[in-house]
Amino acid sequence: MGDKKLKIKLLPNGEIVMQTHGVKGKKCLDYIEVLKKLVNVNITDTQLSQEYYETETEISNTENQEIRTEW
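A. Structural detail: the overall build of the protein chain. A count of helical and extended segments in the protein chain gives one helix and four strands. When its helices and strands are written in sequence order, the protein chain yields β-β-α-β-β. Relative to its 71 residues, the protein chain shows a buried fraction of 18%. At a minimum sequence separation of 6, the contacts of the protein chain that also span at least 24 residues come to 39%. When the accessible surface of the protein chain is split by element, carbon and sulfur atoms take 48% of a total near 6000 Å².

B. Quick peek at the layout of surface pockets. Size it by volume and the largest pocket reaches roughly 690 Å³. When contributions to the lining of the largest pocket are tallied by element, the ones reaching two or more residues are strand 2 (16-21) and helix 1 (28-39). Here the lining of the largest pocket gets six residues from one element, more than from any other, and that element is strand 2. Partitioned by chemical class, the residues of the lining of the largest pocket number eleven nonpolar, eight polar and three charged.

C. The arrangement of the pattern of salt bridges in detail. By the definition in use, this model includes three salt bridges. Linking glutamate 51 and lysine 24 is a salt bridge whose minimum nitrogen-to-oxygen distance equals 3.6 Å. Of this pair, glutamate 51 sits in the loop between helix 1 and strand 3 (59-61) while lysine 24 sits in the loop between strand 2 and helix 1, and the two are 27 residues apart along the sequence. Glutamate 54 serves as the salt-bridge partner of lysine 24, at 2.7 Å between the closest nitrogen and oxygen. With lysine 24 in the loop between strand 2 and helix 1 and glutamate 54 in the loop between helix 1 and strand 3, the pair connects residues that are 30 residues apart, well separated along the chain.

D. Summary view of helix 1. For helix 1, built from twelve residues, the straight-helix expectation of 16 Å at 1.5 Å per residue is met to within 8% by its first-to-last C-alpha distance of 18 Å. Tucked inside the fold, the buried residues of helix 1 contact strand 1 (5-10) and strand 2. Of the residues trailing helix 1, asparagine 40 is marked for its positive phi of about 50°.

E. Just a nonpolar patch on the surface, in detail. On the surface, Leu29, Leu48 and Tyr53 cluster together to form a nonpolar patch covering roughly 290 Å² of accessible area. Inspection of the secondary structure puts leucine 29 in helix 1. On the basis of relative accessibility, which here comes to 32%, the residue leucine 29 falls in the partly exposed class.

Rules behind the numbers
Residues numbered from 1 in each chain as written. Predicted model: local features only at pLDDT ≥ 70, side-chain atom pairs only at ≥ 80, totals over all residues. Heavy atoms only, no water. Helix = DSSP H or I, 4+ residues; strand = E, 2+ residues; numbered from the N terminus. Buried < 20%, exposed > 50% of the residue type's maximum accessible area, 1.4 Å probe, protein only. Contact = heavy atoms within 4.5 Å. Areas by Shrake-Rupley, 256 points an atom, 1.4 Å probe, with all protein chains shown as cover. 1 Å grid on protein atoms, 1.4 Å probe; cavity = no way out; pocket = protein on both sides within 12 Å on 5 of 7 lines; lining within 4 Å. Points joined across faces, edges and corners; volume = space filled by probe spheres on them. Nonpolar A, V, L, I, M, F, W, Y, C, P; charged D, E, K, R; others polar. Salt bridge = Lys/Arg side-chain N within 4 Å of Asp/Glu carboxyl O. Expected span 1.5 Å × (residues − 1). Patch = residues over 30% accessible without salt bridge, like charges linked within 9 Å, V, L, I, M, F, W, Y side chains within 5 Å.

Purely geometric numbers; function is a separate question.
Now the structure itself:
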């Protein structure tokens, strides 16, 4: 399972650019909500990467009846 990273750039004009890496599917949208709460900003544009269209892998261990997901 890969590492999940959040890259945030603050541009000279005050614009904030955020990219997620290693976050698959719609879970990347959760990071937008975190950013909005941290810095109290309005989101004006969203560009989805290829990872948005990929799915997370769930591992099921039936011996322990436990499901693990990446976060």
